[in-house]
Amino acid sequence: MTIQEPAVARPAGRPRSEKAEKAIIEATLDLLGEGMGVSELSIEAIASRAGVGKTTIYRRWANKEDLVVDALATLKAPLPELSGTSVRDDLISLLDAMRRESAQPRSRCVMNIAMSEADRYPRLTERFVKRAITPRREAMRAVIERGIASGELNPDLDVDMGMALLSGTMLWHTKWAPEGELAPDLAERVVDVVMAGIAPRP
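Residues numbered from 1 in each chain as written. Predicted model: local features only at pLDDT ≥ 70, side-chain atom pairs only at ≥ 80, totals over all residues. Heavy atoms only, no water.

Taking an unreviewed UniProt entry as the reference, the chain is identified by name as TetR/AcrR family transcriptional regulator belonging to Nonomuraea deserti.

What follows covers helix 5 (residues 87-102). For helix 5, with 16 residues, the first-to-last C-alpha span of 23 Å sits near the 22 Å given by 1.5 Å per residue. V87, D90, L91, I92, L94, L95, D96, A97, R99, E101 and S102 are the residues of helix 5 that are buried. Next to the buried residues of helix 5 lie helix 6 (105-115), helix 7 (122-150), helix 8 (159-176) and helix 9 (186-198). (Helix = DSSP H or I, 4+ residues; strand = E, 2+ residues; numbered from the N terminus. Expected span 1.5 Å × (residues − 1). Buried < 20%, exposed > 50% of the residue type's maximum accessible area, 1.4 Å probe, protein only. Contact = heavy atoms within 4.5 Å.)

For the pair helix 5 and helix 8, interaxial distance at closest approach is 10 Å and the crossing angle is 25 degrees. Judged on the interaxial angle alone, helix 8 and helix 5 are roughly parallel. As helix 5 packs across helix 8, the resulting crossing turns out to be right-handed. On the side of helix 5, the interface is formed by L91, L95, M98, R99 and S102, while helix 8 contributes L166, S167, M170, L171 and T174. (Axes fitted to C-alpha atoms, helices over the stretch in contact; angles between N-to-C directions. Parallel < 35°, antiparallel > 145°, perpendicular 65-115°, else oblique. Left-handed = near helix turned anticlockwise from the far one by under 90°.)

Here we come to the nonpolar core. Among the nonpolar cores identified, the biggest contains 29 residues, and I24, I46, I57, L67 and L72 are the most heavily contacted of them. Secondary structure elements with two or more residues in this core: helix 1 (18-33), helix 2 (43-50), helix 4 (64-73), helix 6 and helix 7. Sorting elements by how many residues they give to this core places helix 1 first, with 7 residues. Both domains that meet at this core, namely domain 1 (18-73) and domain 2 (87-196), each give it at least three residues. One finds V87, A187, V190 and M195 within the second-largest nonpolar core, a separate group that totals 23 residues. (Core = buried A, V, L, I, M, F, W, Y, C linked by side-chain atoms within 4.5 Å. Domains from an automatic or database assignment.)

Right, dumping it as structure tokens:
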């Protein structure tokens, strides 16, 4: 009597190909960067540019919006490691990440095109903000609240106002300031000017 080995169940689905995923993400960003809006963007066009079949895309993303969110998220640099010893230094690190991101022309172009249709694709915008923007806001809020608790910042400081002063000033420089390379010390200068107003008064 022959004893058969028990069948080993195969894992559901096919193993993901990092090479294919990278090609799909890059194709999505390339098409957006060339001026194709989210409404014009199609899975067919992305598949053609990436050199994959549509089923390869649908195996990883349920729809176009999910793919665009993941593609846009790759343009955001990871949150910098914060030392936690100086509120000033941590705020500079957070704002300098914004400066470095804006220095990439492709990233700026793609983000502007994609976000120009925010009203038409509110779910896409909401998911992108939750994935890429909210963690940055929470990190800045935590630093400011720590500064209030440690006495480095005014105890009566409105945290949201402090965040708006810091991030809003950086956004002005990265989005609406005259064309040209941003100064390497921009984040430091912004933090010092803002902290002059939100630090404890003698």
